[in-house]
Structure formats: structure tokens, C-alpha cells
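Structural characterization, general
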Amino acid sequence: MKRIMTIQDISCVGKCSLTVALPIISAAGVEAAVLPTAVLSTHTAFSKFTFCDLTDEIPKISDVYGELGIGFDAIYTGYLGSFRQLELVGDFIDRHGRGAMIVVDPAMADNGQLYKGFTEDFALAMGKLCGKADLIIPNLTEASFMLGVPYNPDYDEEYIRALLRSLTGLGSRYAALTGIGFSEDEIGVYAYDSVTDSYFSYFNERLPVSFHGTGDIYASAAVGALMRGRSVNDSLALAVDYTLECMRKTMADENHRFYGVNFEEALPMYIERLK
Ligand code: PXL
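Keep in mind that what you see is a predicted model, and the values were worked out from it rather than measured.

The next thing to look at is the overall build of the protein chain. Within the protein chain, the secondary structure is distributed over nine helices and 11 strands. In terms of overall dimensions, the protein chain is globule-like: its C-alpha atoms have a radius of gyration of 17 Å, near the 19 Å expected for 275 residues. When the backbone C-alpha atoms are referred to their principal axes, the protein chain occupies close to 50 × 40 × 40 Å. Of the contacts formed within the protein chain by residues at least 6 apart in sequence, a portion of 66% connects residues at least 24 apart. When the accessible area of the protein chain is evaluated, it comes to approximately 12,000 Å², of which 51% is carbon and sulfur surface. The positive charge centre, built from 22 side chains, and the negative charge centre, built from 36, are 5 Å apart in the protein chain.

With that settled, the discussion passes to the site of the ligand. As a structural note, the neighbourhood of the ligand is formed by Asp9, Ser11, Cys16, Ser17, Leu40, His43, Thr44, Tyr79, Tyr115, His212 and Asp216. Within the side chain of Asp9, an N or O atom sits 2.8 Å from a nitrogen atom of the ligand. Between the ligand and Thr44 there is a distance of 2.7 Å, counted from an oxygen atom to a side-chain nitrogen or oxygen. Coverage of the ligand by the protein amounts to 98% of the 320 Å² it exposes when considered alone. The class makeup of the residues in the shell around the ligand is four nonpolar, five polar and two charged.

Applying the stated criterion to the full structure yields 11 salt bridges. For Lys132, the salt bridge goes to Asp94, with nearest N and O atoms at 3.0 Å. Of this pair, Lys132 sits in the loop between α4 (120-130) and β8 (135-136) while Asp94 sits in helix α3 (residues 83-96); the two residues are 38 residues apart in sequence, bridging distant segments of the chain. What makes Lys132 partly exposed here is its relative accessible area of 34%. Judged by relative accessible area, which is 44%, Asp94 ranks as partly exposed.

Turning next to the nonpolar core. Counting 45 residues, the largest nonpolar core has Ile24, Tyr242 and Tyr270 as the members making the most contacts within it. Looking at this core, the elements that each hand over two or more residues are α1 (17-27), β4 (74-77), β5 (101-104), β9 (174-180), β10 (186-193), α7 (214-227), α8 (232-251) and α9 (267-273). Setting aside anything within four residues of it in sequence, one finds Ile24 in contact with Ile217, Ser220, Ala221, Tyr242, Phe263, Leu267 and Tyr270. Judged by nonpolar contacts, the second largest core, of 44 residues, contains Ala33, Ala100, Ala125 and Ala175.

Before going further, it helps to spend a moment on the sheet that holds strand β2 (residues 31-42). Taken in spatial order, the nine strands line up as β3-β2-β1-β4-β5-β8-β9-β10-β11 in an open sheet, and their pairing is mixed. Of all the strands in the sheet, the pair left with one neighbour each is β3 (51-53) and β11 (198-205). Note that β10 and β11 share eight bridges and pair antiparallel. Looking across to β11, one finds that Gly188 is bridged to Phe203. Taken strand by strand, α3 contacts β1 (3-13), β2, β3, β4 and β5, and its axis lies near 170° from that of β4. Set on the sheet, α8 makes contact with β5, β9, β10 and β11; between it and β11 the angle comes to about 20°.

Along the polypeptide, Ala175 turns up in strand β9. Residues Ala175 and Ser194 lie 19 residues apart in sequence; the distance between their C-alpha atoms is 8.3 Å. The contacts of Ala175, once residues within four sequence positions are left out, are Ile136, Leu164, Leu167, Thr168, Tyr190, Ala191 and Tyr192.

A word on the state of the cysteines. By the definition in use, this model includes zero disulfides. Here Cys12 is not cross-linked by a disulfide; its sulfur's nearest cysteine counterpart is in Cys52, at 9.7 Å. Of the residues examined, Cys12 reaches a relative accessible area of 46% and is grouped as partly exposed.

Our next topic: the pairing of β4. Because side chains alternate across β4, one face comprises the buried residues Ala74 and Tyr76, and the other comprises Ile75 and Thr77, equally buried. Pairing analysis gives four bridges linking β4 to β5, with the strands arranged parallel. Within the sheet, the bridge partner assigned to Ile75 lies in β5 and is Ile102. Handedness of the crossover joining β4 and β5 through α3: right-handed.

In this section: helix α5 (residues 140-147). Counting buried positions over the eight residues of α5 gives seven, a clear majority of the element. The elements touched by buried residues of α5 are β6 (109-110), β7 (113-114), α4, α6 (157-169) and β9. The residue sitting at the N-terminus of α5 and contributing the capping side-chain oxygen is Asn139; that oxygen lies 3.0 Å from the backbone nitrogen of Thr141. Backbone geometry just downstream of α5 places Gly148 in the positive-phi region, at approximately 70°.

Each value, and the rule that gives it
- Residues numbered from 1 in each chain as written.
- Predicted model: local features only at pLDDT ≥ 70, side-chain atom pairs only at ≥ 80, totals over all residues.
- Heavy atoms only, no water.
- Helix = DSSP H or I, 4+ residues; strand = E, 2+ residues; numbered from the N terminus.
- Rg over C-alpha atoms; globule rule 2.2 N^0.38 Å.
- Contact = heavy atoms within 4.5 Å.
- Areas by Shrake-Rupley, 256 points an atom, 1.4 Å probe, with all protein chains shown as cover.
- Lys, Arg positive; Asp, Glu negative; His and termini not counted.
- Charge placed at Lys NZ, Arg CZ, Asp CG, Glu CD.
- Near = heavy atom within 4 Å.
- Polar contact = N/O pair within 3.5 Å; in protein donor to acceptor, adjacent residues only side chain to side chain.
- Nonpolar A, V, L, I, M, F, W, Y, C, P; charged D, E, K, R; others polar.
- Salt bridge = Lys/Arg side-chain N within 4 Å of Asp/Glu carboxyl O.
- Buried < 20%, exposed > 50% of the residue type's maximum accessible area, 1.4 Å probe, protein only.
- Core = buried A, V, L, I, M, F, W, Y, C linked by side-chain atoms within 4.5 Å.
- Pairing = 2+ DSSP bridges.
- Axes fitted to C-alpha atoms, helices over the stretch in contact; angles between N-to-C directions.
- Disulfide = S-S within 2.5 Å.
- Right-handed = clockwise from strand over helix to strand, strands pointing away.

Written out as C-alpha cells, the structure reads:
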């Protein structure tokens, strides 16, 4: 069985980061190893939350894996909370990433805005971490901040292609932009492989809603599929379909919350598609 090491926080309530990555990767039939970077009562979109920083654990944990010879088939990073964490996670990748697929989801912004506590300099530093990845999975906002260009939601296909080329200029072979669509009724992924100089896009139905946590669901589903031997393009497309299914399941519950995407009841569809 393949082993993914995922490095991000635990937000105890709020269905994002590790509470999403763990079950989805496990459902993919892949071992989910975790390196929790912090424990928060909820994610930072709530008006109040606790934050227990675990940064100092990262080098200690990394050292022990070195001593024990524990390795990973993939290292997948998500929300990271400080410059020091970016540096230590970069070191972790340098040390344990040989022969592994490195996936960086620069989870730090959406809808033109950085999440609470992040700065433009932090986004540029996240861009540097992206240089260590094979595949990066930003949304348009994250991509814009990492490249230091204005957020432009009125894009056309040429703009997206140019942005993708700039993203791989940060150093990764593949860049996949999530939340992209060219009409009111479609949304999906637009990706670029800098080695073959080829583009890939896949769209599905755009629902008239947006939920917190869908980026983490998307990245987790894509990494899980990759480790199950799917191609990059197939994995990115399956993650679009799965994320949509999660949103449909969420909408079907009239008591749904903005932070409570129903990824659980969509898991059978994900598992079925991986057979
Ligand atoms: O879903 C991304 C995410 C993960 N972790 C924490 C967050 C967020 C987004 O706000 O605050 C702590």
C-alpha cells in the first residue's frame, strides 16, 4: 500500500485540512500519515479560535524518520501557518522527498483575499515552497498572490494559460488551477505540464454556492487518485467530479453549514471511481 505523508493543521471543527485529508486518503485505499502543524479549535474563518503551534515538532519528527528509514510515496502539504513552517516543511521535503511525488496545495486565500493572518510576503514564500513540488494546486487567488500579480476574475483562456506557465516557472512540473470556468454553468480545473508543454482542462456543473473546505477536499482526492496509479489528468478530473458530488450532498441537507461540506456521503462515489 502506498503511503502519503500529509503536512497541515488539525482544525478540530470545521471540516478542512487534516480532518478532510485523512478520511479521503484512507478511502482511496492509501495510507495517510500525518504531520500536524498546529491544533486549532476551528479554522480561521470563525470569529474566534484557539491556536496551538506545533512547529517545533516538525524537525524532531523529521529526524526520527531519518533515523528509522521511514519513507513516503507522496508528500502533500496544505495550510501552513508561518514562514518558519514553510522553511521546515521545505527541509522535510528535501530530506524525505526523494522518489516521492510532492504535491503542494498553497491553501492561504480565496475570492481575491488572503485568509486571516497571511501577508503578501507570506504568499511569495509559499511560492518558493511550490518550487519543490511536482504538482501544485492553487486557486486563482493563491496563484495571483504567489506570482505577485493582481487578482483577475474576468479571465479568458489565454490569461489562464499564461498564469499556468508562470506558476510552473516557480519550479514544479505541473500546475493545476482550481475553480476555473469560462461560463456561468461550468467550473473545474485547468492544468499545465511544463515538460510536455501541454494543457489539460476538465469542467463539470457549477452550483450557485460556495463552501469552505472544498479546496482541501479537491487536493486530497487528487493526491489519493494519483497514489492509486491514476494519471495526473485523470486524478485532477476525478477530484472535480468528487468535489461536485460533495457539494450536491451538502445542498441536499437543508440544515447545511458554510463550513460543513458533506464529503462523507460522497465517498462511495470516489471509491467506486477508483476501482
Ligand atoms: O481550508 C483551508 C484551511 C485550513 N486550515 C486552517 C484554515 C483554513 C482556511 O481558512 O484557516 C487553519
